[in-house]
Amino acid sequence: MSTVEETQPLFSHLLELRNRLLRSLLSVLVVFLGLVWFANDIYAFLSAPLVEKLPEGASMIATDVASPFFTPIKLTLVASVFVAVPMILYQVWGFIAPGLYKHERKLIMPLLFSSSLLFYSGVAFAYFVVFPLVFGFFTSIAPEGVQVATDIASYLDFILALFMAFGIAFEVPVAIILLCWTGATDPESLRQKRPYIVVGAFVVGMMLTPPDIISQTLLAVPMCILFEVGLFFARFYVRKDDEAEEE
């Protein structure tokens, strides 16, 4: 009898998880269907930082026969996931909220909102600040006699990698708050490790960005600033003894 009772809650959780996943996928599909007609316009918008820096008369190229069709579609699908993130996070919240304590619910919902905002901020920072500087640098150092003509598929892979790098890097405050709230560390310990964290930020910038000092620095410096932001807010989320006993 007990085995049947244990199986029923597990089955209901799996059913709930399936429904949440289907709703998330449906939200991405709806956004994709709404954007796919503008796939070429979306690609033109994201390629503008490079196109504006190309030498006069130069343009982007497609080295694969199907690239002019599939590359904008791929970008639109990724953009649809980005746009649907609030709905996806809402489904995540709806799934985990019933199993959380009251004080945990007060923490998780703001973190879900702030993590989305920080990720979008990282993507916007990459597009409006990093791309013009990086592409201006790359096109200016081309050897004489070499015409810069970037393949559209390669460009998409490049900018998506940078979007993910900056989006994830901007989650530093959320990561610090979670570490302090779970008791893994505390703000004072992190302050003492500040010199190592600054060095680590530049190492991460070197690993996640192209091999040029501009993009590496533009990733490392915001990470250092966001580290300080995370330290400031983490002091409000330090786990109390009574919370630990409650669990």
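Here, the structure is the one placed above.
Residues numbered from 1 in each chain as written. Predicted model: local features only at pLDDT ≥ 70, side-chain atom pairs only at ≥ 80, totals over all residues. Heavy atoms only, no water.

## Remarks on the overall build of the protein
The criterion, for reference: Under the scheme used here, helices are H or I runs from DSSP no shorter than 4 residues and strands are E runs no shorter than 2 residues, and both carry numbers assigned from the N terminus. Residues are treated as being in contact if the distance between any of their heavy atoms lies within 4.5 Å.
The number of helices and strands found in the protein is 11 helices and 0 strands. Listing every helix and strand of the protein by position from the N terminus yields α-α-α-α-α-α-α-α-α-α-α. Taking all contacts inside the protein whose residues are at least 6 apart in sequence as the whole, residues at least 24 apart take part in 82%.

## Thoughts on the environment of Phe202
Considering the arrangement of structural elements, one finds Phe202 in helix H9 (residues 194–208). Sequence-wise, Phe202 and Ala220 are 18 residues apart; in three dimensions their C-alpha atoms are separated by 4.9 Å.

## Section: the layout of surface pockets
This is how the line gets drawn: Buriedness for pockets is judged along seven lines, at least five of which must meet protein on both sides within 12 Å for an open set on the 1 Å grid over protein atoms alone, while cavities are sets there where a 1.4 Å probe fits but cannot get out, and lining residues have an atom within 4 Å of a point. Grid points are joined across faces, edges and corners, and a volume is the space filled by probe spheres set on the points.
Each pocket or cavity is described by its volume, and for the largest pocket that value is around 240 Å³. Looking at the largest pocket, it is lined by 13 residues, and the ones nearest its centre are Phe45, Leu46, Phe82, Val123 and Phe163. Only helix H2 (39–51), helix H3 (67–83), helix H5 (102–140) and helix H6 (152–169) provide two or more residues apiece to the lining of the largest pocket.

## Observations regarding the packing of aromatic side chains
Put simply, the rule reads: For Phe, Tyr and Trp, rings pair up if their centres lie within 6.5 Å, where Trp contributes its six-membered ring, and each pair is then called stacked (planes under 30 degrees apart), edge-to-face (over 60) or tilted (otherwise). The buried label applies to any residue whose accessible area, calculated with a 1.4 Å probe on protein chains only, is under 20% of its type's maximum; exposed applies above 50%, and partly exposed to all values in between.
Tallying each qualifying case throughout the model produces 14 aromatic pairs. On the basis of an interplanar angle of 40 degrees and a centroid distance of 6.0 Å, the ring pair of Phe125 and Phe166 is categorised as tilted. In this pair, Phe125 is assigned in helix H5 and Phe166 in helix H6, connecting sequence segments 41 residues apart. A relative accessible area of 0% means that Phe166 is categorised as buried. Here Phe131 and Phe163 contribute two aromatic rings whose centre-to-centre distance is 5.3 Å and whose plane-to-plane angle is 40 degrees, an arrangement assigned as tilted. Here Phe131, found in helix H5, pairs with Phe163, found in helix H6; they are 32 residues apart in sequence, far enough to count as distant.

## A look at the environment of Ser115
Note the threshold: The definition of a polar contact used here is a pair of N or O atoms within 3.5 Å, where within protein one atom must be able to donate a hydrogen and the other to accept one, and adjacent residues in sequence count solely through side-chain atom pairs.
You can see Ser115 is positioned in helix H5. Residue class for Ser115 comes out buried when judged on its relative accessible area of 15%. Placed 60 residues apart in sequence, Ser115 and Ala175 show a C-alpha to C-alpha distance of 9.3 Å. If near-sequence neighbours (up to four positions away) are discounted, Ser115 is found in contact with Glu171 and Val174. Separated by 2.9 Å, the side chain of Ser115 and the backbone oxygen of Leu112 make a polar contact.

## Some thoughts on the packing of H2 against H3
Between two packed helices, both the angle of their axes relative to each other and the distance between the axes serve to describe the pair. Let me state the cut-off plainly: Angles run from 0 to 180 degrees between N-to-C directions of axes, and those axes are lines fitted to C-alpha atoms, restricted for helices to the stretch in contact. In these notes the angle categories are as follows: under 35 degrees is roughly parallel, over 145 is roughly antiparallel, 65 to 115 is roughly perpendicular, and the rest is oblique. For this classification, Asp, Glu, Lys and Arg are treated as charged, while Ala, Val, Leu, Ile, Met, Phe, Trp, Tyr, Cys and Pro are nonpolar and the rest, including Gly, are polar.
Contact geometry of H2 with H3 gives a least axis separation of 8 Å together with a crossing angle of 80 degrees. The angle between H2 and H3 places the two elements in the roughly perpendicular class. Facing H2, whose interface residues are Ala39, Asn40, Ile42, Tyr43 and Leu46, H3 presents Pro68, Thr71, Pro72, Ile73, Leu75 and Thr76. Looking at the contact of H2 with H3 residue by residue, the class counts come to 8 nonpolar, 3 polar and no charged.

## Concerning the packing of H3 against H6
Heads up, the condition is: In this scheme the handedness of a crossing depends on how the near helix is turned from the far one: anticlockwise by less than a right angle means left-handed, clockwise means right-handed.
Put simply, H3 and H6 touch, their axes get as near as 9 Å, and they point 15 degrees apart. With respect to their mutual orientation, H3 and H6 come out roughly parallel. Seen along the crossing, H3 lies across H6 with a hand that is left-handed. Seen from H3, the contacting residues are Ser67, Pro68, Thr71, Lys74, Leu75, Val78 and Phe82; seen from H6, they are Ile152, Ala153, Leu156, Asp157, Leu160 and Met164. A class-by-class count of the residues in the contact of H3 with H6 yields 9 nonpolar, 2 polar and 2 charged.

## Quick look at a nonpolar patch on the surface
Rules: To count toward a patch, a residue needs a relative accessible area above 30% and no salt bridge. Like charges then connect within 9 Å, nonpolar side chains (Val, Leu, Ile, Met, Phe, Trp, Tyr) within 5 Å. Working definition of accessibility: Shrake-Rupley area with a 1.4 Å probe, residue cover restricted to the visible protein chains. Salt bridges are counted wherever a side-chain nitrogen of Lys or Arg sits within 4 Å of a carboxyl oxygen of Asp or Glu.
Residues Val198, Phe202, Val221, Ile225, Val229, Phe232, Phe233 and Phe236 make up a contiguous nonpolar surface patch of roughly 680 Å² in combined accessible area. Of all the secondary structure elements, the ones that give two or more residues to the nonpolar patch are H9 and helix H10 (213–234). With 5 residues, the top contributor of residues to the nonpolar patch is H10. Locating Ile225 in the fold gives a position in helix H10.

## Notes on H2
Put simply, the rule is: Multiplying 1.5 Å by the residue count of a helix minus one yields the expected span of that helix. Across the chain, bend at a residue is computed as the angle between axes fitted to the seven residues ending at that point and the seven starting from it.
Under the 1.5 Å per step criterion, the end-to-end length of H2 is 17 Å for 13 residues, consistent within 8% with the ideal 18 Å. At Phe45, H2 is bent by approximately 35 degrees, the largest bend along its length, and proline Pro49 sits one to four residues beyond. Those residues of H2 that sit buried are Ala39, Ile42, Tyr43, Leu46, Ser47, Pro49 and Leu50.

## Here we look at the pattern of salt bridges
Using the criterion set out here, one finds 4 salt bridges in the structure. For Asp157, the salt bridge is made with Lys74, and the minimal N-O distance between the two is 3.0 Å. Taken together, the positions of Asp157 in helix H6 and Lys74 in helix H3 put the pair 83 residues apart, joining distant regions of the chain. Its relative accessible area of 42% is what places Asp157 among the partly exposed residues. Put simply, Arg194 and Glu228 hold a salt bridge, and the shortest N to O gap is 2.7 Å. On the criterion of sequence distance, the pair formed by Arg194 in helix H9 and Glu228 in helix H10 is long-range, its members being 34 residues apart.

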